[in-house]
Amino acid sequence: MSKHQLPHKEQSQRTVHSKLTMKLLLGVVAMFGFGYALVPLYDIMCEQLGINGKTSEVAATIPNALEVDTSRVIRIELMSHINSGMHWDFYPNKQVIDVHPGEVIQTHFVAKNRTEQAMVAQAVPSVSPGMGASYFNKVECFCFNQQPLAAQQQTDMGLLFYIEPDVPDNIHTLTLSYTLFDITEAVNSSQEVISQTSSLTDGDSMWGAFDQVGTKATAVLSDTETLLQFSDRLSLILNLKD
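Residues numbered from 1 in each chain as written. Predicted model: local features only at pLDDT ≥ 70, side-chain atom pairs only at ≥ 80, totals over all residues. Heavy atoms only, no water.

S.K.: Any chance you could explain the environment of Asp 166 here in plain terms?
M.R.: Along the chain, the position of Asp 166 falls in the loop between β8 (154-163) and β9 (173-182). Using a relative accessible area of 55% as the deciding quantity, one classes Asp 166 as exposed. (Helix = DSSP H or I, 4+ residues; strand = E, 2+ residues; numbered from the N terminus. Buried < 20%, exposed > 50% of the residue type's maximum accessible area, 1.4 Å probe, protein only.)

Below, the structure written as structure tokens:
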């Protein structure tokens, strides 16, 4: 039998491994998004129940012609929340800031990892009342990036923002709230899969490596699919109240 003519059993194994390859590639993508699985659920709750306003996920630019309206004062209340089971300290440097529309304000939040292990967090912002979210512009925000902290490490996380000068007259107070989520497991899992796949080569050793990581990728895909299905169902249920 030539080296190009594989027994039926081996061909079947190669077919199975090929499917694992696809699952693995999808798994890498899924693992990157796995840490954000709670974020869509959080957004759905806010949007459907009208609790808070979702702010832009893209950094705003400061217009050259931005004018400060000194005739008005908007009170900005800064709040922080930590997702259940996350052993961090997280709080604003200032809880209340009075600003003029068009005035660029710089402040920061303080975060400390109180555990003995390195962790990675992701902050999700919201503004209330919801109608004020579109007038709240974040030029720089720690929420745009993942926040890794070593064991017992503390850091200041910067925030640079301004309120649009045309903010409605009936808005006198805006509350900016951040919820901090633990995405350590998702980040570590994605790095592990990438590390293992980067060393793969052609040949039987590649198929052996797929056997080792295929199960992990499949499990992550299954968990992610479950969360996405739950997100869809939650949205549907909340829509029934309208």
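S.K.: What should I look at first to understand the pattern of salt bridges in this one?
M.R.: If the charged atoms of two oppositely charged side chains come close together, the side chains can form a pair. On inspection of all chains with the given rule, the structure shows three salt bridges. Here Arg 75 makes a salt bridge to Asp 98, at a shortest N to O gap of 2.8 Å. Within this pair, whereas Arg 75 is found in strand β1 (residues 74-82), its partner Asp 98 is found in strand β3 (residues 96-99), the two being separated by 23 residues in sequence. A residue is classified by how much of its surface remains accessible, and Asp 98, at 43% relative accessible area, is partly exposed. (Salt bridge = Lys/Arg side-chain N within 4 Å of Asp/Glu carboxyl O.)

S.K.: Sorry if this is basic, but what is going on with the sheet that holds strand β4 (residues 105-113) here?
M.R.: Two strands in a sheet stick together by hydrogen bonds in their backbones, pointing the same way (parallel) or opposite ways (antiparallel). Taken in spatial order, the four strands make up an open sheet running β2-β4-β8-β6, and their pairing is antiparallel. Here the strands that pair on one side only, and so sit at the sheet edges, are β2 (88-92) and β6 (136-141). Across this sheet, the average inter-strand angle for adjacent strands is 25 degrees, counted without regard to direction. Both β6 and β8 contribute to a ladder of five bridges, which runs antiparallel. In the strand pairing of β8, Glu 140 is matched with Leu 160. (Pairing = 2+ DSSP bridges. Axes fitted to C-alpha atoms, helices over the stretch in contact; angles between N-to-C directions.)

S.K.: Is there a simple way to think about the pairing of β9 in this case?
M.R.: The two faces of a sheet get side chains in turn, since along a regular strand they alternate between them. Most of β9 is tucked away: eight of the ten residues are buried. In this sheet, β9 lies alongside β1 in parallel orientation, the contact comprising eight bridges. Looking across to β9, one finds that Arg 75 is bridged to Thr 173. Relative to β9, strand β5 (residues 119-128) is paired through eight bridges, and the arrangement is antiparallel. Looking at β9, one finds that Ser 128 is bridged to Thr 175.

S.K.: For this particular structure, what's the right way to read the nonpolar core?
M.R.: Considering soluble globular proteins, one finds that nonpolar side chains tend to be buried as a cluster. In terms of nonpolar packing, the biggest core is built from 32 residues, with Ile 76 and Tyr 178 touching the most fellow members. Among the secondary structure elements, those contributing two or more residues to this core are β1, β2, β3, β4, β5, β6, β8 and β9. (Core = buried A, V, L, I, M, F, W, Y, C linked by side-chain atoms within 4.5 Å.)

S.K.: Any chance you could explain the state of the cysteines here in plain terms?
M.R.: Here a disulfide denotes one covalent bond, and it connects the sulfur atoms of two cysteines. Under the definition given, this model contains one disulfide. One disulfide bridge connects Cys 141 with Cys 143, the sulfur atoms lying 2.4 Å from each other. Its S-S torsion of about 130 degrees marks the bond between Cys 141 and Cys 143 as right-handed, since a negative value means left-handed. Neither Cys 141 nor Cys 143 differs from the other in exposure class; each is buried. (Disulfide = S-S within 2.5 Å.)

S.K.: It is not clear to me how the side chain of Ser 177 should be interpreted in this structure. Could you clarify?
M.R.: Considering the arrangement of structural elements, one finds Ser 177 in strand β9. Classification of Ser 177 as buried rests on a relative accessible area of 7%. A polar side-chain atom of Ser 177 sits 3.2 Å from a polar atom in the side chain of His 81. Ser 177 has contacts with Met 79, His 81, Val 124, Pro 125 and Ser 126, leaving out every residue within four places of it along the chain. (Polar contact = N/O pair within 3.5 Å; in protein donor to acceptor, adjacent residues only side chain to side chain. Contact = heavy atoms within 4.5 Å.)

S.K.: How do you make sense of unusual backbone geometry when you look at a structure like this?
M.R.: Residues apart from glycine generally show negative phi values, whereas peptide bonds are mostly found in trans. Of note, the bond from Ser 128 into Pro 129 is cis; its omega dihedral lies within 30 degrees of zero at 0 degrees. Looking at the secondary structure, you find Pro 129 in the loop between β5 and β6. Backbone geometry places Gln 152, a non-glycine residue, at a positive phi of 65 degrees. One can find Gln 152 in the loop between β7 (147-149) and β8. Classification of Gln 152 by relative accessible area gives partly exposed; the value is 34%.

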